Amino acid sequence: MKAYGVNELRKMYLDFFKSKDHLCMNSFSLVPKNDKSLLLINAGMAPLKPYFTGLEVPPKKRVTTCQKCVRTGDIDNVGKTARHLTFFEMLGNFSFGDYFKHEAIAWSWEFLTQVVGMDPERLYPSIYGEDDEAFDIWTKEIGVPAEKITRFYRDPVTGECDNFWEHGAGPCGPCSEIYYDRGLKYGCGKPDCKVGCDCDRFMEVWNNVFTQFDGDGKGGYTELANKNIDTGMGLERLAVVVQDVDSVFDIDTMRAIRDRICELSGKTYETNADDDVSIRLITDHIRSSTFLISDGVMPSNEGRGYVLRRIIRRAARHGRKLGINGLFMAELAKTVITCSKDGYPELEEKKDFILTNLIKEEEAFNKTIDKGLSILSSFEDEMKTAGKKVLSGADAFKLYDTYGFPLDLTLEILEEKGYEVDKEGFDKAMQVQKETARKARKVTTYMGADASVFDFYTTPTEFTGYTKLTDEAEIRVVSCDTETESGIASELTEFLGEGQNGTLIADKTPFYATMGGQQSDQGVIVTDEGEFLVQNVEKLVGGKYAHHGVVRNGIIRKGTTGTFKVDAALRGATCKNHSATHLLQKALREVLGSHVEQKGSYQDAERTRFDFSHFQAMTNEELAKVEEIVNREIAASLPVLTDVMDIESAKKSGAMALFDEKYGDSVRVVSMGDFSKELCGGTHVKNTSEIGSFKILSESGISAGVRRIEAITSANVTAYYKTLENELRSAAAVAKCAPDALSAKIASLQEEIKSLNSEVEKLKAKLAGNSLSDIMNNVREKNGVKILCANVPDADMNSLRNLCDTLKEKLGESVLLLASATDGKVSLVSMATDGAMNKGAHAGNLIKECAALVGGGGGGRANMAQAGGKNPAGIGACIEKGFSVAESQIN
């Protein structure tokens, strides 16, 4: 395989798909167009969302792009690892309701093996565990051996799967990735190293997303009428494989930047770990900065401008750490432009603009970082001269916003010297800045992790709720939450007042956050100044626990210590439902078979919902058996134990989990006696006897091969049976019998009703027969075919059909149309004999032309048809029309 450069690979990819009749579109700007849900374009398909959602018509059903992207969710890891980037290029081929899996898979294989020249023996596809269609394409059409294909299933705890793309409600579908085996030198050395291993041996180079479902966000899926293809392939990752280098920082375009940094700093890459972090960070950040400025983003203190400023200043600070003297960002940008202008000619066109803005921002930052402490010192001198002891809020905010001094740091320095800070003035200045940022950004739940007001706080929250329901914790972050058209907007503040909705983040918490199907705890947070009602808890990126709720009384202030109290009754009820779900899964596997796997779950204080793989509806006997097993194990009083261990030990212990998924260094294994053992991060009872009882309420299908059981436990079972008992007593009272005699009473009433219905039908038939003589007076004849159209009072559809049959026997070859009105509704029945049909009669066409006159519609076969209507006043006209149409049909 030839070691193609990045620019060559980009062109090869786009040219390949142009040959497959794709429209090659230029990369969209990093600034989203008409999409305030995103700060910056962060994925290859993001600017194409209007085409996927149907809001806009694509210029062609087949499109290919190389999209520049910026993603800052993992910005703190950039430089520390050789994988993370803020700027990257995404190669993509897209189908909007045109081709689907067969073409997408075949073309991905053709490009990699025939165009790029990869060895097919080193390529390993992966698929979503249940996507047998993709498996068949890979094995039967492409010829990949089945043993080389990895199936990825949903995580049993979270319900998530890397090979099933979905983001809330909306279009979603399975994925099929292609991994390249880079060889043993990049492996971990473990004998079971394979696709999905965390080492660098198997690298994903291609991802086909088959958007074929419309998800409801709750585990339900329906097939899309127009299926789409969304292919994503990181250009930098592809280059790593093709050029056979260690990381993205070693590919030709990025190595040129890296080498220039080393030249300016006098450092040598891979000789000092700390220097390497700085070199990698600057290499990435100068690319982001250059492309952002070329797309018109300017450094500022809000929105995407703040993202750019943060990136530039991080790079500038690390340049100083490397010992680079003077300005250097613009110099590095020249290398970026030289390396990337082939694919993005706008870089050369805007070169002066890019360099000028980088120079200005770097100059400004150099002044601030050098002057930060001296400015604070000058503020101290000014206060001392004026005899003041309080630093103004505006000055404190200036230090925070312009020079990067957190308020806490300013407070600490000044307090040591006997000064204070005007916090109220600081809050007002902060409010103005956050309001400006809020207007520039709307909340999004779609595509990527956008910048949020909580991004600055990177310390994970320690969860203590496994062992305690009350704990003391320091409130580190406070936000005021307001509802907007696009969702909840959070704005940082120093305190919340009574009645205000907000979010609190603390250093630790006993509150469980919604995860893996288990819904969050509720409760209260009490401080010396107020009480905060916790309504739900969310785990944010970076392990931060966000407590959402409202101040019930007093005020809640940032920096204070509070008592965090979980609602014990609510937690207990939720734990019972969660633990029962573990017993349920094991019972299902015993009754139905080992093919049963978790596909989703939900537990709160009221119920549990469990989605699982199974090919048909469960029988009543199977449901009863599962319920019996679960209640048996509850009564067995099994101890519920949790062990924390590494993933390898968890495997050996026999814990149920989808081990093809990626887990952390340590996992929690929950055991219930010898009956159940699962990998689970939720909260549970200490003994199964605490669950009390278990009752299945329903079993249903939610998608192909996936069933859903809803069930209740404990007090909810008692309440359920109490409701049934009340309903039983009420029904018995209406039936005028004792509750234990209700079944017999109902059977008796049914027999009585059956007998009465039989008598009614006999009377109807007699009445209809009595009207035969009157009806027969209306018979007309044409070409040997008798035509009869008549109104029969108070006859239902069944009686009309029976009467038609009787009339055919009396009349011989005939065409019939009978009408009747009952309770304001019209019934029409038409019939034709074989002889009549041979001469052109057609009951379906006859009734179709007549039904409109009675306000209805209908049709049927040539020999028999029926219709309904809601205009009895039109029956007379309908009868006359019937004669006319029937006569016209007879040849």
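The following paragraphs examine the structure supplied in this document. Every value quoted in this text rests on a predicted model; they were computed, and no experiment measured them.

What the three strands build is an open sheet, ordered 25-26-27; its pairing is antiparallel. Looking at strand neighbours, the two that pair on one side only are strand 25 (640–646) and strand 27 (676–679), the edges of this open sheet. Recorded for the sheet is a direction-independent mean angle of 20° between the axes of neighbouring strands. Here strand 25 pairs with strand 26 (residues 666–672) via seven bridges, running antiparallel. When the bridges of strand 26 are listed, methionine 645 appears paired with valine 667.

Quick look at helix 4 (residues 132–142) now. The complete set of buried residues in helix 4 reads Ala134, Phe135, Ile137 and Trp138. Projected onto a plane normal to the axis of helix 4, the buried residues spread over an arc of 160° and lie on a single side. Considering only its buried residues, helix 4 is in contact with helix 3 (101–115), strand 4 (123–128), strand 5 (150–152), strand 7 (170–181) and strand 8 (202–215).

Quick look at the side chain of serine 579 now. Of note, serine 579 is situated in helix 15 (residues 568–592). A polar atom in the side chain of serine 579 sits 2.9 Å from the side chain of histidine 684. Apart from residues no more than four positions distant in its own chain, serine 579 is found in contact with Met672, His684, Val685 and Ile691.

What the rule picks out here adds up to 28 aromatic pairs. Between the aromatic rings of phenylalanine 87 and phenylalanine 291, the centroid separation amounts to 4.3 Å while the plane-to-plane angle is 20°, which identifies the pairing as stacked. Taken together, the residues phenylalanine 87 in strand 3 (residues 87–96) and phenylalanine 291 in helix 7 (residues 273–294) connect sequence positions 204 residues apart. Here phenylalanine 87 falls in the buried class, since its relative accessible area comes to 0%. Summarising the aromatic geometry, the rings of tyrosine 99 and tryptophan 107 are spaced 4.8 Å apart at their centres and angled 70° between planes, so their arrangement reads as edge-to-face. By the ring-pair criterion, three or more aromatic residues cluster together here, those being Tyr13, Phe16, Phe17, Tyr99, Trp107, Phe111 and Trp206. The positively charged end of lysine 586 is found above the aromatic ring belonging to phenylalanine 675, 4.8 Å away from the centroid. Over the face of the ring belonging to phenylalanine 883 we find arginine 780, whose NZ or CZ atom lies 3.8 Å from the ring centre.

In this section: unusual backbone geometry. Residues other than glycine seldom take positive phi values, yet serine 637 does so here, at roughly 55°. Mapped onto the elements of the fold, serine 637 is located in the loop between helix 16 (620–635) and strand 25. A positive phi is found at serine 714, a non-glycine position, where the angle reads about 55°. Of note, serine 714 is situated in helix 18 (residues 714–735). Using a relative accessible area of 17% as the deciding quantity, one classes serine 714 as buried.

Attention now goes to the pattern of salt bridges. All told, the structure shown has 47 salt bridges when counted by the stated rule. Measuring nitrogen to oxygen at the nearest pair gives 3.4 Å for the salt bridge that ties lysine 18 to aspartate 15. You can see lysine 18 and its partner aspartate 15 sitting in helix 1 (residues 6–18), three residues apart, about one turn around the helix. The shortest N-O distance in the salt bridge between arginine 780 and glutamate 887 comes to 3.7 Å. Highlighted residues: arginine 780 in strand 30 (residues 780–782) and glutamate 887 in helix 24 (residues 875–889), separated in sequence by 107 residues. Judged by relative accessible area, arginine 780 falls into the partly exposed class, the value being 34%. Through salt bridges with shared partners, a single network forms among Arg260, Glu263, Glu331 and Lys334.

Scoring rules and cut-offs
Residues numbered from 1 in each chain as written. Predicted model: local features only at pLDDT ≥ 70, side-chain atom pairs only at ≥ 80, totals over all residues. Heavy atoms only, no water. Pairing = 2+ DSSP bridges. Helix = DSSP H or I, 4+ residues; strand = E, 2+ residues; numbered from the N terminus. Axes fitted to C-alpha atoms, helices over the stretch in contact; angles between N-to-C directions. Buried < 20%, exposed > 50% of the residue type's maximum accessible area, 1.4 Å probe, protein only. Arc of directions from axis to C-beta. Contact = heavy atoms within 4.5 Å. Polar contact = N/O pair within 3.5 Å; in protein donor to acceptor, adjacent residues only side chain to side chain. Phe/Tyr/Trp six-rings, centres within 6.5 Å; stacked < 30°, edge-to-face > 60°. Lys NZ or Arg CZ within 6 Å of the ring centre and 35° of its normal. Salt bridge = Lys/Arg side-chain N within 4 Å of Asp/Glu carboxyl O.

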